Amino acid sequence: MEADVPEFLVALAMAKGATEKDKAVADLVMIAFYYLLRVGEYTAKGKGAQDWESRETQTQPFRMRDVAFFTRREDTNRLVRLPPDASDSDILNATNATLKLANQKNGWKEVCVNHEHNLDDINCGVRAVGRRYCHIRKHSSSPDTPLFTYFDDGKENRISDQDIREAVKLAARSLDYEGTRGTPIKLINTHSLRIGGACALAFAGYDDTQICKMGRWRSQAFREYIRENCSNYAEGMSKAMKKCHYFVNIDSGTYTDVSDICEIDEETGAVLQQAAAA
């Protein structure tokens, strides 16, 4: 799954007639993709979503208190945290947004995940966090209100994992993922957002350490999520493999000195041929 899925849903959410639920689902999908979130971190799913103050549950959904926005000072270009009661305009123009996890599946606590604005004022993880934050605080002053909360006609509601599942399948079907990407709709799920975000970082050239940090993986286990059957991983491989490097099997050299029977190109140092052994 790629960024076009959350962008498709956000476009629908901004169209005339869209509901508050549509907007919440779209923003949460975008946040999940950019921040590489597990579904229990941003939806009302399982025990963690019902008892988010308990430290015994493995995954704590994000709450209002877990969000921080930053801007850059013009004189020093340093990031400065905005106060929680900053204006909607300041929040929606923030340079960075950080999400802090009280607890998560792998046992890490108080982990922060930071993203910067990608210069798109609509299709951006930071902007999506800002939209959720501004919407919720208009209706609730509790810092423990989860980000999966939305209000419609003054009534508090929650986005479930099923809401997200249905939305990403709808988007993938509309974007013809099965016909153009070879991905069956039945395989599209909430976890596709985390997988897709990791793949997007890998395609963009980010290294393992950076991907591990963004996805909060303790080890190289994240490689299980990088879809190696994607065509992008084969780009340039065939051309690279066609080049002859004229390598010598050094294992055989361990027992037999082959250096005096190799003809070496003086300029490049490449082995041109091996003379027949005397």
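Numbering of residues starts from 1 in every chain and runs along the sequence as written. Residue-level local features of this predicted model are given only where pLDDT is at least 70; pairs of side-chain atoms are given and counted only at 80 or more, and the full residue set underlies all totals for whole chains, interfaces and linings. Side-chain metrics rest on all non-hydrogen atoms present in the structure, leaving aside hydrogens and water.

Participant: Looking at this model, I keep getting lost on the overall build of the protein. Mind explaining?
Facilitator: Strands here mean DSSP runs of E at least two residues long; helices mean DSSP runs of H or I at least four residues long; both are numbered from the N terminus. The helix and strand inventory of the protein stands at eleven helices and eight strands. A simple rule labels every residue: compare its accessible area, found with a 1.4 Å probe on the protein chains alone, to the largest value its type can have, and call it buried under 20%, exposed over 50%, or partly exposed in between. When burial is assessed residue by residue, the protein has 42% of its 278 residues classed as buried. Throughout, a residue-residue contact means that at least one pair of heavy atoms, one from each residue, lies within 4.5 Å. Contacts in the protein between residues far apart in sequence, at least 24 positions, make up 61% of those at least 6 positions apart.

Participant: Even after reading the chapter, I still don't get the pattern of salt bridges, so can you show me in this structure?
Facilitator: The working definition used for a salt bridge is a side-chain nitrogen of Lys or Arg within 4 Å of a carboxyl oxygen of Asp or Glu. As enumerated under the stated definition, the model contains 14 salt bridges in all. For aspartate 4, the salt bridge identified is with arginine 181, shortest N-O distance 2.5 Å. In this pair, aspartate 4 sits in helix H1 (residues 4-13) while arginine 181 sits in the loop between helix H7 (177-180) and helix H8 (191-203), placing the two residues 177 residues apart along the sequence. Across the pair aspartate 88 and arginine 137 runs a salt bridge, and its minimum N-O distance is 2.7 Å. Taken together, the residues aspartate 88 in helix H4 (residues 88-91) and arginine 137 in helix H5 (residues 125-137) connect sequence positions 49 residues apart. Judged by relative accessible area, aspartate 88 falls into the partly exposed class, the value being 28%. Look at arginine 137 and you get partly exposed, because its relative accessible area is 23%.

Participant: Sorry if this is basic, but what is going on with the sheet that holds strand S1 (residues 67-72) here?
Facilitator: Taken in spatial order, the four strands line up as S2-S1-S3-S4 in an open sheet, and their pairing is antiparallel. A strand with exactly one partner marks an edge of an open sheet, and here the two such strands are strand S2 (79-81) and strand S4 (111-116). Put simply, the sheet's adjacent strands are angled 30 degrees from each other on average, direction ignored. Only strands that DSSP links by at least two bridges are regarded as paired with each other. Where strand S3 (residues 96-101) lies against S4, six bridges are found, and the strand directions are antiparallel. Lines fitted to the C-alpha atoms define the axes, with helices restricted to the stretch that makes contact. Angles between their N-to-C directions range from 0 to 180 degrees.

Participant: I'm lost on the packing of aromatic side chains in this one. Help?
Facilitator: Two measures describe an aromatic ring pair: the distance that separates the ring centres and the angle between the ring planes. Between the rings of Phe, Tyr and Trp (Trp by its six-membered ring), a pair exists once the centres lie within 6.5 Å; its type follows the angle of the planes, with under 30 degrees stacked, over 60 edge-to-face, and the other angles tilted. Under the counting rule described, the total for this entry stands at two aromatic pairs. Plain terms: the ring middles of phenylalanine 33 and tyrosine 34 are 5.3 Å apart, the flat faces sit at 90 degrees to each other, and that makes the pair edge-to-face. Measuring from ring centre to ring centre gives 5.1 Å for phenylalanine 69 and tyrosine 133, while their planes differ by 75 degrees; the resulting arrangement is edge-to-face. Within this pair, whereas phenylalanine 69 is found in strand S1, its partner tyrosine 133 is found in helix H5, the two being separated by 64 residues in sequence.

Participant: Sorry if this is basic, but what is going on with the environment of lysine 100 here?
Facilitator: Considering the arrangement of structural elements, one finds lysine 100 in strand S3. Among the residues examined, lysine 100 registers a relative accessible area of 30% and is labelled partly exposed. Sequence-wise, lysine 100 and glutamine 60 are 40 residues apart; in three dimensions their C-alpha atoms are separated by 9.9 Å.

Participant: Any chance you could explain the confidence of the model for the protein here in plain terms?
Facilitator: As a note on interpretation, predicted positions should not be read in detail where pLDDT is low. Residues of the protein with pLDDT of at least 70 account for 70%, and the chain-wide mean is 79. Taken element by element, the protein is modelled with least confidence in helix H11 (residues 250-253), mean pLDDT 48, and with most confidence in H4, mean pLDDT 97. Within the model, the stretch residues 252-259 combines pLDDT values under 50 with one contact to residues more than four positions away or in other chains. Segment residues 274-278: pLDDT under 50, and three contacts once partners within four positions in sequence are set aside and those in other chains are kept. Values of pLDDT, which run from 0 to 100, indicate the predictor's confidence residue by residue.

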